[in-house]
Amino acid sequence: ATRFSIALMDSVATVLLPGLVRQLAQAAPQATLACRASNHELLQSWFDDGDIHLGIGYHPRPPGHLHARIVFADSWALLIGHAHPLARGRVSVGKVLQSPLLKISAAASDVYWDLIVAGMAAAGGAPRLGASVPSFLVAAHIVAETELAAIVPMRLARSFAARLPVRALPCPLAMTPPSFG
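Residues numbered from 1 in each chain as written. Predicted model: local features only at pLDDT ≥ 70, side-chain atom pairs only at ≥ 80, totals over all residues. Heavy atoms only, no water.

Chemist: Quick rundown of helix 6 (residues 154–163)? Include the residues and the values.
Modeler: Within the sequence span of helix 6, burial applies to Met154, Leu156, Ala157, Ser159 and Phe160. If you follow the buried residues of helix 6, they end up packed against helix 1 (10–27), strand 5 (76–81), helix 5 (136–145), strand 8 (150–153) and strand 9 (166–170). (Buried < 20%, exposed > 50% of the residue type's maximum accessible area, 1.4 Å probe, protein only. Helix = DSSP H or I, 4+ residues; strand = E, 2+ residues; numbered from the N terminus. Contact = heavy atoms within 4.5 Å.)

Following this line, the structure appears as structure tokens:
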């Protein structure tokens, strides 16, 4: 049986894996898919050692000898629980700057948080840190049960909103759109 190994962040896995697993089962029923959590520090050595065949995630500066291609581009969402104060009325940059945020340090990296900090700085503010977690999946459940907000890719936010008591709103901050490859 053929075995494919992929490294990906939980945010990308949540969005892409259901369809990928379904397509692989139809196209190659004897194949298996082995997934591991992505790690920016180890990704290059995993490829070099043959431990993975594909890495999918937010990689703003992939190693030069690896072939990189954008799989999909996205926009940013503000993920909030139904009881969050921002769920009532119009969401503005000022309201986002005042709201405590959940910091998500996925894949052993602060790359997402750095983009949020830059977006808030461009708007004349800084994030109010409410809590920090290592996973987008954990973050969605915390957002659902608290008054913390999280800034996440829109496709992921919509996936969470379809399954959890959270809302996915367009983020009003001017931030570089995330692209994944």
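Chemist: Describe in detail the packing of helix 1 against helix 6, supporting the description with residues and values.
Modeler: Two packed helices can be described by the angle between their axes and the distance between those axes. One can describe the packing of helix 1 onto helix 6 by two numbers: an axis separation of 9 Å at closest approach and a directional angle of 65°. Put simply, helix 1 runs roughly perpendicular to helix 6. With respect to the hand of their crossing, helix 1 and helix 6 are arranged in left-handed fashion. In contact with Ser11, Thr14 and Val15 of helix 1, helix 6 contributes Arg155, Leu156, Ser159 and Phe160. When its residues are assigned to classes, the contact of helix 1 with helix 6 shows 3 nonpolar, 3 polar and 1 charged. (Axes fitted to C-alpha atoms, helices over the stretch in contact; angles between N-to-C directions. Parallel < 35°, antiparallel > 145°, perpendicular 65-115°, else oblique. Left-handed = near helix turned anticlockwise from the far one by under 90°. Nonpolar A, V, L, I, M, F, W, Y, C, P; charged D, E, K, R; others polar.)

Chemist: How would you sum up the confidence of the model for the protein? Please name residues and give values.
Modeler: Taken over all residues, the pLDDT of the protein has a mean of 87, while the share at 70 or more is 92%. When the elements of the protein are averaged for pLDDT, strand 10 (residues 179–180) gives the smallest value, 69, and strand 9 the largest, 97. (pLDDT = per-residue confidence, 0-100.)

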